[in-house]
Amino acid sequence: MVSFITNELSCFLLIILAFLSSAILFNILIVSFNFIDAKKTFYRRQTLLNSNSFFLGFEFILKNSIRLSLFIILWFEYLLSKYFSMFGETILFLNGVSFCLSKSIFYCQSVGFCIISLFLIAVCILHIKIRAEEVVLFNLLLIFICALFCSNDFLGFMLALEGLSFILYIFASTINVMEEKRSVKQAGAKYLVLGLFSSSLLLFGLSLLYAITGLINFTDYYIYFKYIDINLEPFKGVFFISFLFIIFGFLFKLSVAPFHLWLVDIYRGIEDHITFFFAIFTKPIIILVFLFKFSFLFFVGFISSVLFFVGCCSIIFGTFGAIVQYDMKGLIAYSSISNIGYVIATISLANLQSFNVGLIYVLIYSLLIFVLFFILYHFRSLSGVGFAQNLYDYKNYFLVSSSLVFNFSILLFSLMGLPPLIGFFIKFYVLLNLISQNFIFFALFFVVLSVIGSFYYIRIIKDLFFYGNFIEVEITAYPKLSRINIVLCFFLNGLLIFMVFFSDMLLTNCWLF
Amino acid sequence: MVSIEFVLFVCFIAFFFFVCVLIGSSTNYNNILIVGLVFSGVVLVLVGLFVYFYDKVQGGCYLYLRLNDNLRVICIDDLSLLLLFLTSLIFPLCFLYNLLYVKFAFKYYTFLLIVLEFLIFFCFIVDNLLIFYFLFEALLFPMFLLIGLWGSRGRKIHAAFQFFFFTIASSILLLIGISLIYYKGGSLYFDDFKYMWLDERTQLVVGILFFFGFAAKIPVFPLHIWLPEAHVEAPTVGSVILAALLLKFGFYGMVRIIFLVCDSNVLLILRPIFLTFCCISLVYSAACAVRQIDLKKIIAYSSVVHMNVALLGFFVSFQGGLVGATYLMISHGLISGAMFFCVGLLYERFHIRNFMYFGGLVQYMPLFSVFFFIIMFSNMSLPGTCNFIGEILVFISLFCNGFFVMLLGLMSVVLVAVFCLAVLSRIIFYQITGLLYSNLIDLTFVECLLLFVLIFYIVLFGLMPNLLLGLLDVGFVFRI
């Protein structure tokens, strides 16, 4: 399984390290510049906010540098991945920590990179003021994504995962340049504690496994559980307990239904763009890691039934929880809970097609949330920064900017799962997958719940277009929108609509496995 | 090899997107109006071409469009041609009506109507059940906005939500039926259904699923609740489109799916269930209509009656009843459209729909009274109007196969006559009420034109039924 470091690979690793370190150094340089500027303008913060192209230029360079480094890494890795075999090459470091590189791992990394770059592009376009330190942290995030997917044993995996979550804790407690919210500190602390708790669950499960089997490598586990009947093992109960701990750790991180209550609190507390970053970024990454590294769990039958039950729970809780939410962030949180339920229920069927459907579901859902992020940032609240939090702020927005509202409503219909849009197709694949496995009753159940779930989206559309009396609205109070942003919104929505024609291709090409 | 049909198809879609962009970018009232009229005119010309070159080659199907051997896109046969004719006739009239009366957000109104026409046009001609379902569901978005944004009263939000959720909930049944057909039968093309062999249990389940799935559209008794609400709250054009075109989707879907998928012995089992629901809804809604005072609600209930009479013919006997039912569909599209236009014209003048406030219009609005008289009598299926032909065909076939059902159906005819005469006598012939002194303007030229077109076709198809009956052989379902 293990081969020694080849010339090429060491070269590749060196290049990556060089690029990352140079990017980080460059960023730190700019950050220090920015600190000086911040000190100068500390007492006239208002003028800083209203102006000025100079700072925008700086931010632009910041964000561009990270994208540049990102694409260069991706390109190098792509070049190298041509030489790898299907099962990849393993690199042994000291202390027995091993890393692995292969084509599918490269694809997983590129998914993570694409999400980050998309997010940063959106931040650039929307002129969201973010701290310069955050940009450095994004750079660090890239390293940990690389390490997370490359890791080939428990130790490397836990290191990378903890590093990644560490950055997310810092993101959660980051306070905006413009205003300081107390809720951010609280939410950040909460996220730290809960994240550590879920990691400790995971770690406990992994260490139990290690205690029984003495294995540490993922591939070894795959072979072990493929050829050994677990019911005949003497430590059968301990196996089950360790499996449950691992799964609960992951479900906690994914905020699936019995472990979902922290999500709403934290989404409400933290900054707006960070909320969206969490909603877009964490779920696909964790699902990908779970499927690639921990697919050996599915050799044990009861894991699938636990996952299916939890997925159904999550759909129910998410759907009915979202109905009583009257603010946007709570809605996003509950919607993501119910949608992650569909994903978990699908992948619990444990065949290749269902893995593919689950992956496509979570990727397209995060793409939809990304477009939601892009569009929502044009709905300014009357008081304060960020987008309008309360659903009451969206009423009669049709009179303010009709084209934006049309865009938004098309996106909402897509999230709802109305047929000609991409949101329908991902649900339809889940349905077909269930019916092909003879889960007809559950198919019916899922569709009924998605219809109930469409209520809270259609309520937003109702508020946007016709909320009672038209005379109440003072149109002049809302800020003007630039034409380019609206065109971009149309473009993104159009992209989503045209993805319908390729959704079949996405499904049939098992590009990730 | 690119055929002429394919070029036409692509050109039409490109034209649609061009029109959408044109409307999105223009701010001038007149430009928007002209673009809307041109679009509906192009559809009218297209359908006219279809009718002119109509030719029963290629297995009862005039126009096939294939992207390759396996991928069929479009098939126009007799039934879809008739419904296309109805679509292309109703929409220019709607644009004309909007020209007169819509003041609020005219641009978006026109945009939504164009999207609606495009979707309905393709809904009637696609050859695949799944694509039909997609387009059918996509109609929800424009209709929801049409009811919610341009609706007349405070209850419109309630009505829009009811419309949305009844349709979505019934579409669950359709979706499950579709996936059942796909997994058991292996194909979703309408043409393949007649060669498809399914076991009897699946056929029963599919029949019931599709009946109740489309029953919310027709609508049949327990699922009809959204219809009067939606009709009352929708703007005039919205309720015209709803009554004249969207209700036909239920019928169209049943003809395309239930008859082809289910065998005759399965239909024999299902028939009593379906007929019971039809009879209940028929008598119930006719009795409801007698007690209503809102003009739009009366028309809504009367359209439920007529659609259910058509369904009776559809299910009772396969031979003549189906032809009568199809005839009744077309005539109902024309007549209910005309009635809603009439009520809309009254509403724009007096801003009231309660018919107890009206009276004696014949003395001050003679043109309107004449038109309204003809339309109301054709709704009562007077001989010489197209409704009569459809009903007589349905009842003759009922006489052979279901005598008791025919008696119930004839009862509804009596009740329809009761409320039609009540409305007529109150509005036109009663003494003048104080309300009417203010806005007594008779119909303008455009309004006359609008009603005249509809009445022309009502009378034409009433006097020369062979124009349509020539198309409607019994074999039109099977595309023999």
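What this report covers is the structure whose coordinates are included nearby. (Residues numbered from 1 in each chain as written. Chains lettered and ligands numbered in written order. Predicted model: local features only at pLDDT ≥ 70, side-chain atom pairs only at ≥ 80, totals over all residues. Heavy atoms only, no water.)

## Notes on the overall build of chain A
Here's step 1: Summing up its helical and strand segments, chain A has 19 helices and two strands in all.
Here's step 2: Per-residue burial for chain A yields a buried fraction of 59% across its 513 residues.
Here's step 3: Summarising the internal contacts of chain A: among those between residues at least 6 apart in sequence, 79% fall at separations of at least 24.
Here's step 4: Summed over its atoms, the accessible surface of chain A is roughly 21,100 Å², and 70% of this surface lies on carbon and sulfur atoms. (Helix = DSSP H or I, 4+ residues; strand = E, 2+ residues; numbered from the N terminus. Buried < 20%, exposed > 50% of the residue type's maximum accessible area, 1.4 Å probe, protein only. Contact = heavy atoms within 4.5 Å. Areas by Shrake-Rupley, 256 points an atom, 1.4 Å probe, with all protein chains shown as cover.)

## Re the state of the cysteines
Disulfides are covalent bonds that link the sulfur atoms of two cysteine residues.
All names here are of chain B.
Here's step 1: Per the counting criterion, the structure on display carries zero disulfides over all chains.
Here's step 2: For the unlinked cysteine Cys342, the closest cysteine sulfur is that of Cys448, found at 11 Å.
Here's step 3: Taking relative accessible area as the criterion, Cys342 reaches 0% and is therefore assigned buried.
Here's step 4: A residue is classified by how much of its surface remains accessible, and Cys448, at 14% relative accessible area, is buried. (Disulfide = S-S within 2.5 Å.)

## What about the nonpolar core?
Here's step 1: Membership of the largest hydrophobic core comes to 361 residues, with the highest contact counts inside it found for A:Phe157 and A:Phe408.
Here's step 2: Sort the elements by how many residues they give to this core and helix H10 (residues 236-261) of chain B lands first, with 19 residues. (Core = buried A, V, L, I, M, F, W, Y, C linked by side-chain atoms within 4.5 Å.)

## Digging into the interface of chain A and chain B
Here's step 1: The interface is formed by 33 residues belonging to chain A together with 26 residues belonging to chain B.
Here's step 2: For the chain A and chain B pair, buried surface summed over both sides reaches about 2,800 Å², with 91% attributable to carbon and sulfur atoms.
Here's step 3: For the chain A face of the interface with chain B, the top three residues by lost area are A:Phe406, A:Ile458 and A:Phe466, together amounting to 21%.
Here's step 4: There are zero salt bridges connecting chain A and chain B.
Here's step 5: Summed over the shared surface of chain A and chain B, the number is one residue pair in polar contact (both at pLDDT 80 or more). (Buried area = accessible area lost by both parts, 1.4 Å probe. Salt bridge = Lys/Arg side-chain N within 4 Å of Asp/Glu carboxyl O. Polar contact = N/O pair within 3.5 Å; in protein donor to acceptor, adjacent residues only side chain to side chain.)

## Describing the pattern of salt bridges
Here's step 1: Per the stated rule, a full pass over the model turns up seven salt bridges over all chains.
Here's step 2: With a shortest N-O distance of 3.4 Å, A:Asp463 and A:Lys462 are connected by a salt bridge. The pair A:Asp463 / A:Lys462 is uniform in exposure class, with both members buried.
Here's step 3: Across the pair B:Arg155 and B:Glu229 runs a salt bridge, and its minimum N-O distance is 2.7 Å. Of the two residues, B:Arg155 is situated in the loop between helix H6 (140-150) and helix H7 (156-185) and B:Glu229 in helix H9 (residues 226-233); the sequence distance between them amounts to 74 residues.
Here's step 4: Accessibility expressed as a relative area gives 13% for B:Glu229, which makes it buried.

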